[in-house]
Amino acid sequence: MAKIIAVTNQKGGVGKTTTAVNLCAALSARGRSVLLCDMDPQANATSGLGVDKAAAAHTTYDVLLRGVPAADAVVATAFGGVIPANQELSGGGIELVGLPEREFVLKTALGTLRGGYDYIFIDCPPSLEMLTLNSLCAADSVLIPVQCEYFALEGLADLITTIRMIKRGLNPALEIEGVLLTMLDSRTNFSAQVASEIKKFFGKKVYAVTIPRNVRIAEAPSHGQPVVAYDASSRGAEAYRELAREFDKRAGGG
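Residues numbered from 1 in each chain as written. Predicted model: local features only at pLDDT ≥ 70, side-chain atom pairs only at ≥ 80, totals over all residues. Heavy atoms only, no water.

Undergrad: Sorry if this is basic, but what is going on with the nonpolar core here?
TA: A general feature of soluble globular proteins is that nonpolar side chains tend to end up buried together. Counting 52 residues, the largest nonpolar core has I83, L110, I122 and I144 as its most contacted members. Judged by nonpolar contacts, the second largest core, of 34 residues, contains L27, F79, I217 and A244. (Core = buried A, V, L, I, M, F, W, Y, C linked by side-chain atoms within 4.5 Å. Buried < 20%, exposed > 50% of the residue type's maximum accessible area, 1.4 Å probe, protein only.)

Undergrad: It is not clear to me how the sheet that holds strand β7 (residues 175–182) should be interpreted in this structure. Could you clarify?
TA: Strand pairs in the sheet, formed through backbone hydrogen bonds, run parallel or antiparallel to each other. The mixed open sheet is built from seven strands, whose spatial order is β3-β4-β2-β5-β1-β6-β7. The open sheet terminates on both sides in strands that have one partner only, identified here as β3 (75–77) and β7. Recorded for the sheet is a direction-independent mean angle of 25 degrees between the axes of neighbouring strands. Sheet topology places β3 next to strand β4 (residues 80–83); three bridges connect them, and they run antiparallel. For A76, the partnering residue across the bridge sits in β4 and is G81. Across the sheet, helix α10 (residues 189–202) touches β6 (141–147) and β7, and the angle it forms with β7 is around 170 degrees. (Pairing = 2+ DSSP bridges. Helix = DSSP H or I, 4+ residues; strand = E, 2+ residues; numbered from the N terminus. Axes fitted to C-alpha atoms, helices over the stretch in contact; angles between N-to-C directions. Contact = heavy atoms within 4.5 Å.)

Undergrad: Help me out: how do you make sense of the pairing of strand β5 (residues 119–123) in this one?
TA: Burial within β5 is extensive, with five of its five residues counted as buried. Of the two faces of β5, both are covered, the one formed by Y119, F121 and D123 as well as the one formed by I120 and I122. The pairing of strand β2 (residues 34–38) with β5 spans five bridges and is classified as parallel. Counted as the bridge partner of L35 is I120 from β5.

Undergrad: Help me out: how do you make sense of the side chain of D231 in this one?
TA: Along the chain, the position of D231 falls in the loop between α12 (227–230) and α13 (235–251). D231 has contacts with R216 and A237, leaving out every residue within four places of it along the chain.

Undergrad: For this particular structure, what's the right way to read the pattern of salt bridges?
TA: Once their charged atoms are close, side chains differing in charge can pair, the charge on each being opposite to the other. As enumerated under the stated definition, the model contains 16 salt bridges in all. Across the pair D62 and R66 runs a salt bridge, and its minimum N-O distance is 2.5 Å. E175 is the partner of K167 in a salt bridge, and the nearest nitrogen-oxygen pair spans 2.9 Å. The structure contains a network of salt bridges with shared partners spanning K16, D40 and D123. (Salt bridge = Lys/Arg side-chain N within 4 Å of Asp/Glu carboxyl O.)

In structure tokens, the structure reads:
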């Protein structure tokens, strides 16, 4: 039975999609059966796994709003399965508002796939709207990437408030899976200070592994590959492999 994890942060540019893509790829390399559901209309997770978003037969939009079974939308890649997205999803949040049980459309769809995977990840949009709400209602837990810069802290309180509201009213089982420090520049004292503040607030929920600033991580998406495949010997690739080990152990995979 798959564990469903929403990878989310309302602030863009914190390594959310990069983490979703590379964690899936690294877990797949460890022998885990993984699926990435792309709920971001930018569809960067789709292209990051080497899938042509313009050529996809079915997308998350089709699953959410056209009744296409989730299994029919899954595209197999060398790094795990993906339910791709494209720009059509950009209006999906508004269209979902008019549906009955609108918060649970994704939960119902992904529920049919739980038996086939160890982990199902959801790459959420960088905003708190209906697509993200669907993602959080479908998830068992939330993985929060946080960039080690001041402005990354500002929206974190709003995200935690949203998670608590959803836990109270819509998804009582929702938990924080973990908090991942990204884009860490070990040369600066400020990065260390931000990391310290996050650890004070979240305690043991913060992963021991941190993701460094690394040019290979930035280059990999343009080649349609996770960094763990694009440059397996890079610092970024090694960091995500270590994260996969830590994540798997915490999540009960061993």
